[in-house]
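Structural overview
If you want the building blocks of each chain, they are given just below.
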Amino acid sequence: MEKAMEKPLISVIVPVYNVKEYLPRCVASLQAQTYPNLEILLVDDGSNDGTGQLCDSLGAEDERIRVFHKENGGSSSARNLGIEQARGEYLGFVDSDDYVEYNMYALLQEALGKYGVKAAQIGRDEISQEGERLPDICVPPSSPECIEPEDFLRELLLHRGDCSFCTKLLKKEVFQGRRFPEGVLNEDFHLLVEMLPDIGGIVSLPERGYHVFCRMGSNTRRNTGFSRVFSDNVDNADMVMELVKKHYPALYKQARRFGLYQRLDYMLHIPISEMKGENQEYGRIKGYLRRYWAEGMANPFLTPQNKAYLTLLAAAPKTVRRIHKKVKRL
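Note that the coordinates shown come from a computational prediction; the quantities given were computed from them, not determined experimentally.

What the chain contains, in helices and strands, is twelve helices and nine strands. Along the longest, intermediate and shortest principal axes, the C-alpha atoms of the chain span 65 × 45 × 35 Å. In the chain, buried positions account for 50% of the 330 residues. Put simply, 78% of the contacts in the chain that link residues at least 6 apart link residues at least 24 apart. Just so you have it, the chain exposes about 15700 Å², and 50% of that area is on carbon and sulfur atoms. Side-chain charges of the chain comprise 44 positive and 46 negative groups, with the mean position of each set lying 9 Å from the other.

Shown next as structure tokens:
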């Protein structure tokens, strides 16, 4: 049997914040990995419910676990600290209330070596608090496949791809000079899209090795009404449009579809009370819908329903939202 040190080290970074109830399951799934050379970095992001002490206890029991404590700054800042401290040649990320299959990192590392690429991803499923499997958000391939960056980005722009870093294993070198943006949501999309031109192909595996635990109150899954995520998604759409123009001009229509779709999502969630002239962000988004209305109506990647919303929200957004609100109550 190969000795652990003959395999490259994988660093798994787990940002931790007030998850005392779920952290043991997450850590146990990492401790059970069949991959022999792995370190687990628990980054306590200022927990105040005893989770920090639990991290220390887990670290004292297993020499593979390294614990770091920091002031609360959000998941991205915790991940970024983990990247700085990681000793591995490869990096993985796991959310502290999720868990993984025992062979996930062995499969991912094997795929990286077999295909000679810098990133690999595995399938995932979504589990409710009641233990029921939820409908797939991302459907894995039926067999392993290497996806070129342009094709991978196309799937993201059509809302069919998986931008999560939790389902991936990446060479640490691709993080050179790059970190997760802090203070925003949907940070995985932002960083992955930024990396794509330098990553090369991404191997996608059919196994569902990552289990997303969907609980209310989770940092990334809470239902808070009109969250800043809608604004961050619009910013990401603008960022990816510039990248497409520079690197992937063949994806222009998909990128325009993405920009319109994210703005329609914003318009359908912003409180009606905030749809007013002094709200500059709202004004810019309304102006964008009107400016690109004709282009959107000719876009083959927008559905008839998308185009209907585009027409209505570009013409009279506040009136449409009032009617929409009344209809939803019926």
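A few words on the nonpolar core. Among the nonpolar cores identified, the biggest contains 39 residues, and Leu153, Phe165 and Phe175 are the most heavily contacted of them. Broken down by element, this core gets its largest block of residues, seven residues, from helix α6 (residues 187-199). Not counting residues up to four positions away in its chain, the partners in contact with Leu153 are Val193, Leu196, Val240, Leu243, Val244, Tyr248 and Leu251. Judged by nonpolar contacts, the second largest core, of 34 residues, contains Ile10, Val14, Val94 and Ile122.

Per the stated rule, a full pass over the model turns up 21 salt bridges. Arg256 is the partner of Glu295 in a salt bridge, and the nearest nitrogen-oxygen pair spans 3.0 Å. Of this pair, Glu295 sits in helix α10 (residues 293-297) while Arg256 sits in helix α8 (residues 252-267), and the two are 39 residues apart along the sequence.

Next up on the list: the packing of α8 against helix α11 (residues 304-315). Where α8 meets α11, the closest approach of the two axes is 10 Å, and the angle between their N-to-C directions is 60 degrees. Taken as axis vectors, α8 and α11 run oblique relative to one another. Judged by the sense of rotation from one axis to the other, the crossing of α8 with α11 is left-handed. Listed contacts from α11 to Leu260, Tyr261, Leu264 and Met267 of α8 are Asn306, Tyr309, Leu310 and Leu313. Taken together, the residues of the contact of α8 with α11 sort by class into seven nonpolar, one polar and no charged.

This part is about α6. In this model α6 runs 18 Å from its N-terminal to its C-terminal C-alpha over 13 residues, within 8% of the 18 Å that 1.5 Å per residue would give. Along its length, α6 reaches its greatest deviation from straightness, about 30 degrees, at Val193, and the proline Pro197 lies no more than four positions downstream. Three or more residues of α6 are buried, namely Glu187, Asp188, Phe189, Leu191, Leu192, Val193, Met195, Leu196 and Ile199. Phi turns positive, to about 80 degrees, at Gly200, one or two residues after α6.

This paragraph deals with the packing of aromatic side chains. Geometry of an aromatic ring pair is reported as the spacing of the ring centres plus the angle between the planes. All told, the structure shown has nine aromatic pairs when counted by the stated rule. Here Phe93 and Phe165 contribute two aromatic rings whose centre-to-centre distance is 6.0 Å and whose plane-to-plane angle is 85 degrees, an arrangement assigned as edge-to-face. Of this pair, Phe93 sits in strand β4 (residues 90-93) while Phe165 is found in the loop between α5 (149-157) and β8 (168-171), placing the two residues 72 residues apart along the sequence. The class of Phe93 is buried, set by a relative accessible area of 0%. Where Phe93 meets Phe175, the ring centres are 5.8 Å apart and the plane angle is 55 degrees; that geometry is what we call tilted. Of this pair, Phe93 sits in strand β4 while Phe175 is found in the loop between β8 and α6, placing the two residues 82 residues apart along the sequence.

Our next topic: α8. If you check α8, its first and last C-alpha atoms are 23 Å apart, about what 16 residues at 1.5 Å a residue would give, namely 22 Å. With twelve of its 16 residues buried, α8 lies for the most part within the structure. Buried within α8 are the following residues: Gln254, Ala255, Arg256, Arg257, Phe258, Gly259, Leu260, Gln262, Arg263, Leu264, Tyr266 and Met267.

The next subject is the pairing of strand β9 (residues 202-214). Bridge count for strand β5 (residues 99-100) against β9 is two bridges, and the pairing is antiparallel. Paired with Val100 across the strands is Tyr210, a residue of β9. Examined bridge by bridge, strand β6 (residues 119-128) and β9 share nine bridges and lie parallel to one another. By the bridge assignment, Ala120 is partnered in β9 with Val203. By the bridge criterion, three bridges tie strand β7 (residues 145-147) to β9 in an arrangement that is antiparallel. Residue Ile147 lies in a different strand from β9, and its bridge partner there is Ile202.

Looking now at a positive patch on the surface. On the surface, Lys276, Lys318, Arg322 and Lys326 cluster together into a positively charged patch. With respect to the element layout, Arg322 can be found in helix α12 (residues 317-329). With a relative accessible area of 45%, Arg322 lands in the partly exposed category.

A word on the confidence of the model for the chain. If pLDDT is low for a region, its predicted coordinates should not be looked at in detail. Averaged over every residue, the pLDDT of the chain is 93; the share at 70 or more is 95%. Confidence over residues 219-224 falls short of pLDDT 50; this stretch has 13 contacts with residues more than four positions distant or in other chains.

Quick look at the packing of α8 against helix α9 (residues 280-291) now. When two helices pack together, their arrangement is given by the angle between their axes and by how far apart the axes lie. Where α8 meets α9, the closest approach of the two axes is 10 Å, and the angle between their N-to-C directions is 135 degrees. Taken together, the axis directions place α8 and α9 in an arrangement best described as oblique. Seen along the crossing, α8 lies across α9 with a hand that is left-handed. Facing Arg256, Gly259, Leu260, Arg263, Leu264, Tyr266 and Met267 of α8, the residues of α9 in contact are Glu281, Tyr282, Ile285, Lys286, Tyr288 and Leu289. Of the residues contributing to the contact of α8 with α9, the split by class is eight nonpolar, one polar and four charged.

Procedures and definitions
- Residues numbered from 1 in each chain as written.
- Predicted model: local features only at pLDDT ≥ 70, side-chain atom pairs only at ≥ 80, totals over all residues.
- Heavy atoms only, no water.
- Helix = DSSP H or I, 4+ residues; strand = E, 2+ residues; numbered from the N terminus.
- Buried < 20%, exposed > 50% of the residue type's maximum accessible area, 1.4 Å probe, protein only.
- Contact = heavy atoms within 4.5 Å.
- Areas by Shrake-Rupley, 256 points an atom, 1.4 Å probe, with all protein chains shown as cover.
- Lys, Arg positive; Asp, Glu negative; His and termini not counted.
- Charge placed at Lys NZ, Arg CZ, Asp CG, Glu CD.
- Core = buried A, V, L, I, M, F, W, Y, C linked by side-chain atoms within 4.5 Å.
- Salt bridge = Lys/Arg side-chain N within 4 Å of Asp/Glu carboxyl O.
- Axes fitted to C-alpha atoms, helices over the stretch in contact; angles between N-to-C directions.
- Parallel < 35°, antiparallel > 145°, perpendicular 65-115°, else oblique.
- Left-handed = near helix turned anticlockwise from the far one by under 90°.
- Nonpolar A, V, L, I, M, F, W, Y, C, P; charged D, E, K, R; others polar.
- Expected span 1.5 Å × (residues − 1).
- Bend = angle between axes of the 7 residues up to and from the residue.
- Phe/Tyr/Trp six-rings, centres within 6.5 Å; stacked < 30°, edge-to-face > 60°.
- Pairing = 2+ DSSP bridges.
- Patch = residues over 30% accessible without salt bridge, like charges linked within 9 Å, V, L, I, M, F, W, Y side chains within 5 Å.
- pLDDT = per-residue confidence, 0-100.

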